[in-house]
Amino acid sequence: MMHCHFGHPRQALEVLIEALRVSQQQSNDSCLAYTLAAICNLLSEVGSSSTAGILGKSHSSLTSMGTSLSNKQQLFVLLRGSLKRAESLKLKRLVASNHLAMAKFDLLHVQRPLLSFGPKASMKFRTCPISVCKETRLCSHLISEFSSEISTVTTDGAFMTSWLNNFLKQSGSLVTQDNEPGSISNPHQFCAQPSSIPRSVLQLVGSSYLLRATAWEMYGSAPLARINALVYATCFADTSSSSDAALAHAKLIQHLATFQGYKEAFSALKVAEEKFISVSRSVILPLKLQLIHDRALHRGNLKLAQQVCDELGVLASPVSGVDMSLKIEASFHHARTLLAANQFSQAAAVAHSLFCMCYKFNMQVENASVLLLLAEIHKKSGNAVLGLPHVLASLSFCQTFNLDLLKASATLTLAELWLSLGSNHAKRALNLIHGAFPMILGHGGLELRARAQIAEAKCYLSDPSYLVLQDPEAVLDPLRQASDELEVLEYHELAAEAFYLMAMTFNKLGQLDKREEAAASFRKHIVALENPQCEGDPLLKML
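Attention here is on the structure that accompanies the text. Model, not experiment: these values are computed from the prediction.

1. A few points about helix H22 (residues 473–489)
Helix length check: H22 (17 residues) gives 24 Å between terminal C-alpha atoms against 24 Å at 1.5 Å per residue, within 8%. Packing partners of the buried residues in H22 comprise helix H11 (242–260), helix H12 (262–275), helix H13 (280–299), helix H21 (446–462) and helix H23 (492–509). Backbone geometry just downstream of H22 places Glu490 in the positive-phi region, at approximately 60°.

2. A few points about the environment of Ser267
Among the secondary structure elements, Ser267 is positioned in helix H12. Note: C-alpha distance between Ser267 and Ile253 (14 residues apart in sequence) is 9.1 Å. Of the polar contacts made by the side chain of Ser267, one reaches the backbone oxygen of Lys263; its length is 3.0 Å.

3. Looking at unusual backbone geometry
The backbone of Ser27 sits at a positive phi, close to 55°, despite the residue not being glycine. Checked against the element boundaries, Ser27 lands in the loop between helix H2 (9–25) and helix H3 (29–45). Positive phi is not limited to glycine here, since Asn402 has a value of about 55°. Looking at the secondary structure, you find Asn402 in the loop between helix H18 (384–400) and helix H19 (404–420).

4. Thoughts on H2
Here H2 contains 17 residues, and its C-alpha end-to-end distance of 24 Å stays within 8% of the 24 Å for a straight helix at 1.5 Å per residue. Residues Pro9, Ala12, Leu13, Leu16, Ile17, Leu20 and Ser23 constitute the buried set of H2. Along H2, the residues classed as buried sweep out an arc of 140° about the axis, all on the same side. Backbone geometry just downstream of H2 places Ser27 in the positive-phi region, at approximately 55°.

5. Side note on the pattern of salt bridges
Tallying each qualifying case throughout the model produces 16 salt bridges. Between Arg21 and Glu18 there is a salt bridge, with the nearest N and O atoms lying 2.3 Å from each other. Of the two residues, Arg21 and Glu18 are both situated in helix H2; the distance of three residues between them amounts to about one turn of the helix. When the shortest N-O distance is used, the salt bridge between Arg336 and Asp294 registers 2.9 Å. Note that Arg336 is positioned in helix H15 (residues 324–340) and Asp294 in helix H13, a separation of 42 residues in sequence. Look at Asp294 and you get buried, because its relative accessible area is 15%. Beyond isolated ion pairs, a larger network of salt bridges with shared partners links Glu376, Lys379, Glu416 and Arg451.

6. Quick notes on the nonpolar core
Side chains that are nonpolar tend, in soluble globular proteins, to be buried together. Membership of the largest hydrophobic core comes to 79 residues, with the highest contact counts inside it found for Ile253, Leu291, Ile454 and Leu479. In terms of residues, this core owes the most to one element, H21, which gives nine residues. Aside from chain neighbours lying at most four places away, what touches Ile253 is Ala265, Ala268, Leu269, Ala272, Leu287 and Leu291. One finds Leu142, Ala233, Ala248 and Phe397 within the second-largest nonpolar core, a separate group that totals 44 residues.

7. Considering the packing of aromatic side chains
In total, this model carries six aromatic pairs according to the counting rule given. Judged by centre distance (5.7 Å) and plane angle (45°), the rings of Tyr500 and Phe522 are tilted. With Tyr500 in helix H23 and Phe522 in helix H24 (residues 512–530), this residue pair connects regions lying 22 residues apart in the sequence. A connected cluster of aromatic rings, assembled from ring pairs, spans Tyr209, Tyr232 and Phe236. If you follow Lys275 out to its NZ or CZ, it ends over the ring of Phe276, 5.7 Å from the centre.

Basis of the calculations
Residues numbered from 1 in each chain as written. Predicted model: local features only at pLDDT ≥ 70, side-chain atom pairs only at ≥ 80, totals over all residues. Heavy atoms only, no water. Helix = DSSP H or I, 4+ residues; strand = E, 2+ residues; numbered from the N terminus. Expected span 1.5 Å × (residues − 1). Contact = heavy atoms within 4.5 Å. Polar contact = N/O pair within 3.5 Å; in protein donor to acceptor, adjacent residues only side chain to side chain. Buried < 20%, exposed > 50% of the residue type's maximum accessible area, 1.4 Å probe, protein only. Arc of directions from axis to C-beta. Salt bridge = Lys/Arg side-chain N within 4 Å of Asp/Glu carboxyl O. Core = buried A, V, L, I, M, F, W, Y, C linked by side-chain atoms within 4.5 Å. Phe/Tyr/Trp six-rings, centres within 6.5 Å; stacked < 30°, edge-to-face > 60°. Lys NZ or Arg CZ within 6 Å of the ring centre and 35° of its normal.

Have a look at this one:
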């Protein structure tokens, strides 16, 4: 941990390898499991080039395979070996811990055979969500076998039955609210039950739900991500660490911002800040800055957005290889700020540098978002042809890692790029949008849904074969929905575009009163975008 903190991943891995060797010599299975989990976390956070060649020297089964294995493949061999050993010794906690480690591994790594031959050996090149769900479910089964390491089984579902009985007797709110000034209600208070379940077991089971929430966030299922975060925050708050509990609340707050707007999200954020003071800087503060930045961009306040970007960058350690996720977020928001300011070359340079950093540290999932950002930069700068290879590369990453919602967003960007190349591509763009609609409308947030609906309307208006007089609702209905959602987000630029298209459509229909009403709304958002008002904004007091 010390070596990682100071940015020396190779030395950290060498120390862990020594701990691995001693654990094997002493047959210390618990220490072995913790060491393997630490190695897994380390290898997922740093590039393989900085740790190459160390792991294979530590384990005889790796060197005896007669082939050169990558660090990921070596780690896979060790995790599977540790799991088999724990199962043979009937060490239930160790089995659950290994299942959780395997789920983390399967979440971010493509499954390929260690030894492959023939032309079809490497055809399957993508992650396996089924494996992640299976491993997390197997970890959760530990709750029915908690009384000893030798499988003393209690009645199935006894814990959840007692939880539900207690839930019916009392009432409470998951989104914590103040009972009285200065106090915060405990979301676990109304469901806590005196139980013989060991704390370590509850921590493991709770970790499986938190990992499920993270997995479903990646895969793009907002309802499943939310329900798993709710289960964790409700059932396992007393046994979890402050950082994990704060992370669960952060996921719920992010969900509020995406689906209900910033007002609801900032109300919950204020409560979370007071509740998790000890980990506020590491978990809550980065989330608050990200939300303030997104809202500032939507309102056109670029000065505030840049200020928040600087504060977000300061939170990360200057040491290379440390706080990588925070550094990526800071660079990503910086590029978006430059894009909003129409500084396209600078935004592209920041995004390209970010892509190189993600590639160096083997952060492939993040690369999908960065490639999509580069496509957005080229689209807004008027170079649609340059944006096509970037969005296609992003789609390839999304397919490999099963990032379904991001794939739908990339498909929408691809449609917008085709549409910008001319009206003769309108039908192709419309087919792409309609293909992505089930995912976008079912799991997308307010902004993504509004973008898709505006793009659909533009496709109809750009199609020479479409006649407004014959089917005006094909354009007006998505524009109304988009404008409603964008006004909740206070996204002035996109809202102005929606009202502009509505005014054009009403003008073609000869409905002058509705045209003037839409034009007035367009003018209101343009004025708000060009003159962002900071005075009197209650949310800015949170800075």
